[in-house]
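# Structural overview
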Amino acid sequence: MTSLQYNRQLPNTLALPCAADTLCVSGIEQARDAVRLARALGRSLLPLGEGSNVVLPGALQGIALYVTDKSVHEVGRDNEFVTLRVGAGHAWHAFVCTTVAEGYVGLENLALIPGTVGAAPIQNIGAYGREVAAFIDAVHGVDLHSGDSRSLNAAQCEFSYRHSVFKGALRDRFLICAVDFRLSKHAALDTHYPALATQLDGQAPLSAQQVLDAVVALRRQRLPDPELEPNVGSFFKNPVVDATWLRNVDGGTRMPQYPQPDGRIKLSAAWLIDHCGLKGLREGGACIASRHALVITNRGGATQRDVLTLAERVVHAVQQRYGLTLEMEPRVYGDA
Ligand code: EPU
C-alpha cells in the first residue's frame, strides 16, 4: 500500500477540480490494510477509478482509494470458454482490444468506453446492444466495513440496466479488486443495434475486430472525446415506459422506441432533451453537448454546482414537456 497522499487533485473525465487524500492498493491484501488504517484514522474510504462516471465536489473528506492491479490471468478453461481474471486497475478499452486480438468474441460492442475494468460492473456498462453483465463470472474485492474479502457471482451482482448491487446495497461498501470474465472464441457477434448495423452498411461482419472498429468509429462520430471536451458520457438513463404512456403523450409515436423483454419500452433520453431544444444550454462552465444531447461537457472552469444546476434544468424541462422524470446516471459525490 502506498502511504497516504494528502490533498491531491483527483483525476476525473469531467475535469472538475476536486481535492482529497488518496491511497493506492495493489489488491485484496493491501485493501484490507487500508480498511484497518482508515478505521484507525476514523475516516471513510471512497473507491474510485479514472473518474469517468462521477461528478465530484471541490473537496472530499473521505480517502479516495485506488486499485493499481492491471494483471490478466487465465483462471479457468474448458472446451468452449476461458475465464480471465483482470485487475481492477486495467484500462477497460485496452482489455477489450486484447481479448478481441486474441480471438475472443463478446466485448467488441463495448469498445472505447472510458474507465477501468473495476468500474465496469458498478454501472453495468452497456453499448450498442450489449451489457458487460453477460460476460462477468465473478467480482472479487473487500467489504470496506468489515475488512473481509468477498467474491460475488454474477447473480449476486444483481445486474440490470446501468445498475448493480455496487450502486445499491453495497454502495460505498465494496472495493472491487478484480473481475472474472468468461469469454468464448465461438460466440455469435451481435450487430442488431440500428446505428451499428448502419455503420456496417447492413453487411454481416466477419470478425469481432470489424465490429470493434465500427463501434470505435461510431463513438468517435457521436460522442465528444473526454480528452478534448471533458464529460462523463450519458448523463441520464434512458427512461422505460408502458405502451399506454406512449399512446397518450403528444408526439409519442415519433419517438425512438426500444421494446424491452418485459413488454415495456425504453425511450431515448437524448431525443427527449434534444426535442426540448436544450442542446448548447449552458450553466457556468457546463454545457449540453451539441454533438449528443445526453452528454454534459465542461467547457472550462465548470464546478460541480454548474453541472448539477444544468442537470436540474434539463430534468425540469423534460418533466414539463413530457411528464417524465429523467434519472441521473453518474454518481454524484457530496463533500462527505
Ligand atoms: N438522439 C437525438 N439527439 C442527440 C443524440 C441522439 O435525438 O443529440 C437520438 C438518436 O437519433 C437515436 C437515439 O437518440 O435515435 C439514441 O441515440 P444513441 O444511439 O446515441 O444512444 P443513447 O440511447 O443516447 C445509449 C447509452 C450510451 C451508448 C449508446 C449506444 C444510456 C444512458 N446510454 O445512448 O452509453 O453508448 O446507447 O449503445 O443507455 C454511457 O452510458 O455513458 C453511454 C455513452
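Residues numbered from 1 in each chain as written. Predicted model: local features only at pLDDT ≥ 70, side-chain atom pairs only at ≥ 80, totals over all residues. Heavy atoms only, no water.

## Brief notes about the packing of aromatic side chains
Here the structure, examined in full by the defined rule, presents eight aromatic pairs. Ring centres of Trp-92 and Phe-95 lie 6.0 Å apart, and the angle between their planes is 65 degrees; on these two criteria the pair is classed as edge-to-face. Placement of the pair is Trp-92 and Phe-95 together in helix 2 (residues 92–101), with a separation of three residues, close to one helical turn. Note on Trp-92: relative accessible area 1%, which makes it buried. You can call Phe-95 buried: its relative accessible area is 1%. Note on Tyr-128 and Tyr-193: the rings are 5.3 Å apart at their centroids and 85 degrees apart in plane angle, and the pair reads as edge-to-face. Taken together, the positions of Tyr-128 in the loop between strand 8 (126–127) and strand 9 (130–131) and Tyr-193 in the loop between strand 12 (174–184) and helix 3 (194–199) put the pair 65 residues apart, joining distant regions of the chain. (Phe/Tyr/Trp six-rings, centres within 6.5 Å; stacked < 30°, edge-to-face > 60°. Helix = DSSP H or I, 4+ residues; strand = E, 2+ residues; numbered from the N terminus. Buried < 20%, exposed > 50% of the residue type's maximum accessible area, 1.4 Å probe, protein only.)

## As for the domain arrangement of the protein
For the protein, the assigned domains are domain 1 (5–67), domain 2 (72–184) and domain 3 (231–332). Buried area between domain 1 and domain 3, summed over both chains or domains, comes out near 1000 Å², and the portion from carbon and sulfur atoms is 56%. The largest per-residue losses of area from domain 1 upon contact with domain 3 belong to Leu-14, Asn-53 and Val-55, which jointly make up 60% of the total buried on that side. For the pair domain 1 and domain 3, the number of links is zero salt bridges. For the side of domain 1 that touches domain 3, a count of residues per class yields eight nonpolar, four polar and no charged. (Domains from an automatic or database assignment. Buried area = accessible area lost by both parts, 1.4 Å probe. Salt bridge = Lys/Arg side-chain N within 4 Å of Asp/Glu carboxyl O. Nonpolar A, V, L, I, M, F, W, Y, C, P; charged D, E, K, R; others polar.)

## Thoughts on the nonpolar core
Trp-92, Phe-166 and Phe-181 are the most contacted members of the largest nonpolar core, which totals 44 residues. Looking at this core, the elements with two or more residues in it are strand 7 (81–87), helix 2, strand 10 (136–143), strand 12, helix 3 and helix 4 (208–222). A per-element tally of this core places helix 4 first, with seven residues. Leaving out residues up to four positions away in the same chain, Phe-166 has contacts with Pro-121, Ile-122, Val-139, Leu-152, Cys-157, Arg-171, Phe-174 and Ile-176. Among the nonpolar cores identified, the runner-up in size contains 34 residues, and Leu-267, Ala-270, Trp-271 and Tyr-322 belong to it. (Core = buried A, V, L, I, M, F, W, Y, C linked by side-chain atoms within 4.5 Å. Contact = heavy atoms within 4.5 Å.)

## Side note on helix 7 (residues 304–322)
Over its 19 residues, helix 7 runs 27 Å from end to end, which matches the ideal 27 Å to within 8%, given 1.5 Å per residue. Those residues of helix 7 that fall on the buried side of the exposure criterion are Gln-304, Asp-306, Val-307, Leu-308, Thr-309, Leu-310, Ala-311, Val-314, Val-318 and Tyr-322. Once helix 7 finishes, Gly-323 follows within two positions and takes phi at roughly 70 degrees, a positive value. (Expected span 1.5 Å × (residues − 1).)

## Examining the side chain of Ser-164
Following the sequence through the fold, Ser-164 ends up in the loop between strand 11 (149–153) and strand 12. Looking at Ser-164, its side chain comes within polar contact range of the main-chain nitrogen of Phe-166, at 3.0 Å. Beyond its immediate sequence surroundings of up to four residues, Ser-164 is in contact with Pro-121, Ile-122, Cys-157, Glu-158 and Phe-159. (Polar contact = N/O pair within 3.5 Å; in protein donor to acceptor, adjacent residues only side chain to side chain.)

## Observations concerning the sheet that holds strand 2 (residues 19–25)
Strand order in this open sheet of four strands is 1-2-5-3, and the pairing throughout is mixed. Each edge of the sheet is formed by a strand with only one pairing partner; in this case those strands are strand 1 (5–9) and strand 3 (45–47). Each strand of the sheet is rotated relative to its neighbour by a mean of 45 degrees, with strand direction disregarded. Bridge count between strand 3 and strand 5 (residues 59–67): three bridges; the pairing is parallel. (Pairing = 2+ DSSP bridges. Axes fitted to C-alpha atoms, helices over the stretch in contact; angles between N-to-C directions.)

## A short note on the state of the cysteines
Summed over all chains, the structure comprises zero disulfides. Not part of a disulfide, Cys-18 finds its nearest cysteine sulfur in Cys-24, a span of 15 Å. Taking the relative accessible area as the measure of exposure, Cys-18 reaches 0% and is therefore buried. Take Cys-24: its relative accessible area is 24%, and that puts it in the partly exposed class. (Disulfide = S-S within 2.5 Å.)

## Details of the environment of Tyr-161
As for its placement among the helices and strands, Tyr-161 is situated in the loop between strand 11 and strand 12. A residue is classified by how much of its surface remains accessible, and Tyr-161, at 22% relative accessible area, is partly exposed. Between the C-alpha atom of Tyr-161 and that of Asn-238, which follows or precedes it by 77 residues, the distance is 9.3 Å. Beyond its immediate stretch of four places on either side in the chain, Tyr-161 contacts Asn-124, Glu-131, Lys-237, Asn-238 and Lys-266. A polar contact is formed between the side chain of Tyr-161 and the backbone nitrogen of Asn-238, at a distance of 2.9 Å.

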